[in-house]
Amino acid sequence: MNSYLIRNVSVLGAAPTDLLIRDGVVAETGAGLAAPDATLVDAEGLVALPGLVDLHTHLREPGREDAETVKTGSRAAALGGYTAVCAMANTSPVADTAGVVEQVWRLGREAGLVDVQPIGAVTVGLAGERLAELGAMADSAARVRIFSDDGHCVADPRLMRRALEYVKAFDGIIAQHAEEPRLTEGAQMHEGEVSTRLGLTGWPAVAEEAIIARDVLLAEHVGSRLHVCHVSTAGSVEVLRHAKARGVRVTAEVTPHHLLLTDARAETYDPVFKVNPPLRTATDIAALRAALVDGVIDIIATDHAPHAVEDKECEWAYARPGMLGLETALSIALDVLGPRWDLIAERMSRTPARIAGLTEHGHDPAPGAPATLTLVDPAARRVIEPAELASRSRNTPYARMTLPGRIVATFLRGEATVLDGKAVK
Ligand SMILES: [Zn+2]
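- As named in an unreviewed UniProt entry, the chain is Dihydroorotase, taken from Verrucosispora sioxanthis.
- Per its UniProt entry, the chain bears the Pathway (unreviewed entry) comment "Pyrimidine metabolism; UMP biosynthesis via de novo pathway; (S)-dihydroorotate from bicarbonate: step 3/3."

**Details of the pattern of salt bridges**
- Under the definition given, this model contains 24 salt bridges.
- Residue E238 pairs with R241 through a salt bridge whose shortest N-O separation is 3.5 Å. Of the two residues, E238 and R241 are both situated in helix α7 (residues 234-245); the distance of three residues between them amounts to about one turn of the helix.
- On the basis of relative accessibility, which here comes to 45%, the residue E238 falls in the partly exposed class.
- Residues joined in a network through salt bridges with shared partners are D342, E346, R350, R354 and D364.

**Quick look at the UniProt feature "domain: Dihydroorotase catalytic" (unreviewed entry) in the chain**
- In the UniProt entry, the feature "domain: Dihydroorotase catalytic" (unreviewed entry) is given for residues 47-234.
- Helix makes up 36% of residues 47-234 and strand 18%, with an end-to-end C-alpha separation of 32 Å.

**Remarks on the UniProt feature "binding site: Zn(2+) 2" (unreviewed entry) in the chain**
- In the numbering used here, UniProt assigns the "binding site: Zn(2+) 2" (unreviewed entry) feature to D150, H177 and H230. Across 81 residues, the annotated set stays spatially compact, with a maximum C-alpha separation of 10.0 Å.
- If you trace the backbone, D150 turns up in the loop between β9 (146-147) and α4 (157-168).
- Residue classification places D150 among the buried residues on the basis of a relative accessible area of 4%.
- Look past the residues within four positions of D150 in its chain and what remains in contact with it is H56, H58, M88, N90, H177, C229, H230 and D303.
- Within the local environment of D150, its side chain forms a polar contact with the side chain of H58, the two groups lying 3.0 Å apart.
- Filtering out sequence-adjacent residues up to four positions away, H177 remains in contact with D150, G151, H152, C153, C229, H230 and N276.

**Some details on helix α11 (residues 329-337)**
- With eight of its nine residues buried, α11 lies for the most part within the structure.
- Burial in α11 covers these residues: A329, L330, S331, I332, A333, L334, V336 and L337.
- Just beyond α11, the residue with positive phi is G338, at close to 75°.

**Considerations on the packing of aromatic side chains**
- In the structure shown here, the tally under the stated rule is two aromatic pairs.
- With 5.0 Å between their ring centres and 65° between their planes, Y4 and F411 make a pair best called edge-to-face. Note that Y4 is positioned in strand β1 (residues 4-11) and F411 in strand β17 (residues 402-412), a separation of 407 residues in sequence.
- Under the relative-accessibility criterion, F411 is labelled buried at 0%.
- Judged by centre distance (6.1 Å) and plane angle (65°), the rings of F147 and F170 are edge-to-face. Here F147 is found in strand β9, whereas its partner F170 is found in the loop between α4 and β10 (173-176), with 23 residues between them in sequence.

**A look at the nonpolar core**
- Formed by 115 residues in total, the largest nonpolar core has its most connected members in I6, L330, M348, L375 and F411.
- Looking at this core element by element, the count peaks at seven residues for α11.
- A domain split of this core shows at least three residues from each of domain 1 (4-47 + 367-423) and domain 2 (49-356).
- Sequence-distant contacts of L330, that is, excluding residues within four places in its chain, are made with L49, L52, G80, I344, M348, V376 and I407.
- V53, C86, M88 and L358 belong to the second-largest nonpolar core, a separate cluster that totals 16 residues.

**Here we look at the coordination of the zinc ion**
- Every protein donor of the zinc ion is accounted for by D150 (OD), H177 (ND1) and H230 (NE2), and the metal-donor separations fall at 1.9 to 2.3 Å.
- Read from N- to C-terminus, the donor residues coordinating the zinc ion fall into the pattern D-x26-H-x52-H. Here the residue D150 occupies a position in the loop between β9 and α4, and H177 occupies one in the loop between β10 and β11 (189-190), the gap between them amounting to 27 residues. Here the two residues D150 and H177 agree in accessibility, since each one is buried.

**Here's the deal with the sheet that holds strand β8 (residues 115-118)**
- Taken in spatial order, the three strands make up an open sheet running β6-β7-β8, and their pairing is parallel. Edge positions in the sheet fall to β6 (52-57) and β8, since each of these pairs with one other strand and no more. Neighbour-to-neighbour, the strand axes of this sheet turn through a mean angle of 20°, independent of strand direction.
- In the packing of helix α2 (residues 98-111) onto the sheet, the strands contacted are β7 (82-87) and β8, and the crossing angle to β8 comes to about 175°.

**Section: the sheet that holds strand β14 (residues 250-254)**
- Across the sheet, which stays open at both edges, the five strands sit in the order β9-β10-β13-β14-β15 with parallel pairing between neighbours. Each edge of the sheet is formed by a strand with only one pairing partner; in this case those strands are β9 and β15 (299-300).
- Bridge count between strand β13 (residues 225-228) and β14: three bridges; the pairing is parallel. Residue L226 lies in a different strand from β14, and its bridge partner there is V250.

**Some thoughts on the packing of α11 against helix α12 (residues 341-356)**
- At a minimum axis distance of 11 Å, the contact between α11 and α12 shows a crossing angle of 135°. In this view, α11 runs oblique relative to α12, as classed from their interaxial angle. Read as a crossing pair, α11 and α12 show a hand that is right-handed. Contact with α11, carried on its side by A329, L330, A333, L334 and L337, involves W341, L343, I344 and M348 of α12 and no other residues of that element.
- By residue class, the composition of the contact of α11 with α12 is nine nonpolar, no polar and no charged.

Cut-offs and rules
- Residues numbered from 1 in each chain as written.
- Predicted model: local features only at pLDDT ≥ 70, side-chain atom pairs only at ≥ 80, totals over all residues.
- Heavy atoms only, no water.
- UniProt positions renumbered as here; feature names shortened; annotations may be inferred.
- Salt bridge = Lys/Arg side-chain N within 4 Å of Asp/Glu carboxyl O.
- Helix = DSSP H or I, 4+ residues; strand = E, 2+ residues; numbered from the N terminus.
- Buried < 20%, exposed > 50% of the residue type's maximum accessible area, 1.4 Å probe, protein only.
- Contact = heavy atoms within 4.5 Å.
- Polar contact = N/O pair within 3.5 Å; in protein donor to acceptor, adjacent residues only side chain to side chain.
- Phe/Tyr/Trp six-rings, centres within 6.5 Å; stacked < 30°, edge-to-face > 60°.
- Core = buried A, V, L, I, M, F, W, Y, C linked by side-chain atoms within 4.5 Å.
- Domains from an automatic or database assignment.
- Donors = N, O, S within 2.8 Å, 3.2 Å for Na, K, Ca; no water.
- Pairing = 2+ DSSP bridges.
- Axes fitted to C-alpha atoms, helices over the stretch in contact; angles between N-to-C directions.
- Parallel < 35°, antiparallel > 145°, perpendicular 65-115°, else oblique.
- Left-handed = near helix turned anticlockwise from the far one by under 90°.
- Nonpolar A, V, L, I, M, F, W, Y, C, P; charged D, E, K, R; others polar.

If you want it as structure tokens, here you go:
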């Protein structure tokens with residue numbers, strides 16, 4: 001194994017120190033460390049964070065390797081400062097059996113850039129009709145603990161109840177894509193002033209809020225764990241606040257794009273801004289930001305959703321929903337939260353690691369901790385060029401925008417996955 005001596009790094013904003021990485025762990029910290037055999041990393045001006053953990057990534061393999069593979073997605077993740085990602089189940093075939101989740105898990109190990117933790121489907125084929133082999137996926141080599149039909153809502157309340165009951169036995173989690181399908185038929189964007197003006201069918205906030213309200217009550221009734229994917233409305237925040245005050249075992253995520261972009265982007269008719277749930281209003285953004293700070297929303301998750309050119313560069317109505325996120329998430333967090341490093345570590349590393357049960361992740365760089373961390377240059381400004389992204393797809397909503405912060409290096413269990421801003425493999 002390689003050893004690294006990281007010089008003059010600020011751990012979570014503290015005064016600069018040195019970090020010696022050896023045998024996969026942070027072996028030593030302090031000023032003026034010496035280690036002649038170690039590779040020197042000059043980290044003057046850089047901030048060390050625990051490696052980021054994404055609870056919501058679409059890697060598209062198996063099935064749509066033209067949009068992303070486990071390897072290209074892993075590279076994008078490492079370049080974004082991530083050391084672990086949870087891969088959503090809406091692949092082709094769907095990750096609804098032990099065989100498919102083990103395949104994704106194995107591909108992640110082969111790529112070796114981040115830990116890829118598969119999420120299993122709740123229902124067979126994401127069809128919402130009968131439960132998938134949740135137990136077999138949990139017992140597989142992939143050790144699945146989170147199940148989600150993401151992309152689709154588990155709309156049938158009886159099925160949702162049974163899923164929550166089933167995973168309770170092993171402290172599993174149902175991660176819900178909250179969208180009452182009868183209220184969003186034909187929806188193209190957020191239902192509001194802009195959709196009315198553009199004449200596009202709207203996706204009303206209540207379609208999300210109604211499902212979250214139902215599911216927190218079901219989770220409370222069953223005594224099971226619920227995670228709410230990509231919360232996007234101010235009303236959802238209030239439902240979650242109420243549920244948490246009652247002690248319901250619910251956690252929630254918000255995406256970077258829902259923290260920054262409004263439904264006014266639809267006026268461009270550029271399908272890069274089409275996403276599900278849709279971009280909402282400035283009022284929603286303000287509520288989501290406040291909830292992220294006060295903890296009603298637990299984490300930032302990317303919902304990284306790569307799409308091939310033909311699925312995205314077409315008419316708005318035909319374009320697939322979704323946008324890239326892994327390589328820009330930390331920059332958006334910095335833009336939204338400012339250099340509040342402890343809060344960023346909490347929302348993007350420690351808490352997602354805890355929710356997913358990824359015990360090797362989410363540890364602050366300190367002696368004895370796994371050397372699973374990332375180095376950020378907070379002073380850097382970069383212009384996002386889609387062609388320069390490591391993802392196989394190009395559908396970033398931040399094209400040619402200037403964003404703060406740059407990932408300089410990432411380490412997974414003591415091995416560099418990114419150095420000098422470049423992936424090592
Ligand atoms: Zn979703």
